[in-house]
Amino acid sequence: MCRAIDVAAYILNEQGRLSGFQLQKLLYYSQAWCLVTQNRPLFSEEIRAWEHGPVVFEVARAHRGRRSVVASDIDGDPLAISADDQVVIDAVLEAYGDLSGDELADLTHSEDPWKRAFNGVTGFASNTIPLDSISEYYSTLMAGDSGTAERHHVPHFPVAPRIVVSEDDYEWISSIL
């Protein structure tokens, strides 16, 4: 599992300059879709329900006071991201990367995990958005119809091809390898 700051550095390397709003929401969606597609968290840091949407405090602290952020502004290592995690993050960036910070905030505000967790407070007194709530909600979106997928910008994930062979063929292939 990587650190949220490493994921932020990877996102900034791929997207270039972003607002703090954009970066925080892209981190949130990366965590959400990793939970759904990999059945595990992408990073261990908590995501909190702040007034303007989901926030990873450790990353917010790294870009505090900046109107926009680039990779060199934070101390993350984009090379710490595994190839499997890059696939998930890249799909998230493809789906959500062109949305403004306000559009991303509006989208997260319309979705159950943030709505259930937000207690009207920003900062340390804010509630954590539970990973099981995130996983359950976005799994439902993934299984939803195309209209739901389009409204919520559900990413398209590449599927690894599977080759089905008979047991005899498998034994033969194994014997020559």
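These notes cover the structure that comes with them. (Residues numbered from 1 in each chain as written. Predicted model: local features only at pLDDT ≥ 70, side-chain atom pairs only at ≥ 80, totals over all residues. Heavy atoms only, no water.)

1. Concerning the environment of Ile11
Right, so step 1: Position of Ile11 relative to the elements: it lies in helix 1 (residues 4–15).
Right, so step 2: Between the alpha carbons of Ile11 and Gln86 there is a distance of 9.5 Å; along the sequence they are 75 residues apart. (Helix = DSSP H or I, 4+ residues; strand = E, 2+ residues; numbered from the N terminus.)

2. Structural notes on the nonpolar core
Right, so step 1: Judged by nonpolar contacts, the single largest core of 48 residues is most densely connected at Val7, Ile11, Tyr29, Trp33, Tyr96 and Tyr138.
Right, so step 2: Secondary structure elements with two or more residues in this core: helix 1, helix 2 (20–38), helix 4 (83–96), helix 5 (101–109), helix 6 (112–117) and helix 7 (131–143).
Right, so step 3: Residue contacts for Tyr138: discarding those within four places in its chain leaves Tyr28, Tyr29, Ala32, Trp33, Val36, Glu111 and Pro113. (Core = buried A, V, L, I, M, F, W, Y, C linked by side-chain atoms within 4.5 Å. Buried < 20%, exposed > 50% of the residue type's maximum accessible area, 1.4 Å probe, protein only. Contact = heavy atoms within 4.5 Å.)

3. Re the packing of aromatic side chains
Right, so step 1: Applying the stated criterion across every chain, the model contains 10 aromatic pairs.
Right, so step 2: Their ring planes at 45° and their centres at 6.0 Å tell us that Trp33 and Phe157 sit as a pair that is tilted. In this pair, Trp33 is assigned in helix 2 and Phe157 in the loop between helix 8 (146–151) and helix 9 (167–176), connecting sequence segments 124 residues apart. With respect to class, Trp33 is no different from Phe157; both count as buried. (Phe/Tyr/Trp six-rings, centres within 6.5 Å; stacked < 30°, edge-to-face > 60°.)

4. A closer look at the packing of helix 2 against helix 4
Right, so step 1: Relative orientation of the contacting elements helix 2 and helix 4 amounts to 125°, with a least axis distance of 9 Å. On the basis of the axis angle, helix 2 is oblique to helix 4. Relative to helix 4, helix 2 is oriented so that their crossing is right-handed. Residues Leu26, Tyr29, Ser30, Trp33, Cys34, Thr37 and Gln38 of helix 2 touch helix 4, and the partners they reach there are Asp84, Asp85, Val88, Ile89, Val92, Leu93 and Tyr96.
Right, so step 2: The residue inventory of the contact of helix 2 with helix 4, partitioned by class, reads nine nonpolar, three polar and two charged. (Axes fitted to C-alpha atoms, helices over the stretch in contact; angles between N-to-C directions. Parallel < 35°, antiparallel > 145°, perpendicular 65-115°, else oblique. Left-handed = near helix turned anticlockwise from the far one by under 90°. Nonpolar A, V, L, I, M, F, W, Y, C, P; charged D, E, K, R; others polar.)

5. Looking at the side chain of Gln24
Right, so step 1: Tracing the sequence through the fold places Gln24 in helix 2.
Right, so step 2: Overall, Gln24 belongs to the buried group, its relative accessible area being 3%.
Right, so step 3: Setting aside residues up to four positions removed in sequence, Gln24 forms contacts with Pro54, Val55, Val56, Val59, Ala60 and His63.

6. Some remarks on unusual backbone geometry
Right, so step 1: Positioned with a positive phi, Asn39 is a non-glycine residue whose angle comes to about 60°.
Right, so step 2: Assignment of secondary structure puts Asn39 in the loop between helix 2 and strand 2 (48–50).
Right, so step 3: Judged by its relative accessible area of 70%, Asn39 falls in the exposed class.
Right, so step 4: A positive phi angle, near 55°, is found at His153, a position not held by glycine.
Right, so step 5: In this structure, His153 sits in the loop between helix 8 and helix 9.

7. Section: the side chain of Asp6
Right, so step 1: When you line up the elements, Asp6 lands in helix 1.
Right, so step 2: Of the residues examined, Asp6 reaches a relative accessible area of 4% and is grouped as buried.
Right, so step 3: Setting aside anything within four residues of it in sequence, one finds Asp6 in contact with Gly76, Asp77, Pro78, Ala80 and Ile81.

8. Side note on helix 2
Right, so step 1: Taking 1.5 Å as the rise per residue, helix 2 with 19 residues should run 27 Å; its terminal C-alpha atoms sit 26 Å apart, in good agreement.
Right, so step 2: The buried fraction of helix 2 is high, at 16 of 19 residues. (Expected span 1.5 Å × (residues − 1).)

9. Looking at a nonpolar patch on the surface
Right, so step 1: On the surface, Trp172, Ile173, Ile176 and Leu177 cluster together into a nonpolar patch covering about 490 Å² of accessible area.
Right, so step 2: Tracing the chain through its elements places Leu177 in the segment after helix 9.
Right, so step 3: Overall, the relative accessible area of 83% leaves Leu177 in the exposed class. (Patch = residues over 30% accessible without salt bridge, like charges linked within 9 Å, V, L, I, M, F, W, Y side chains within 5 Å. Areas by Shrake-Rupley, 256 points an atom, 1.4 Å probe, with all protein chains shown as cover. Salt bridge = Lys/Arg side-chain N within 4 Å of Asp/Glu carboxyl O.)

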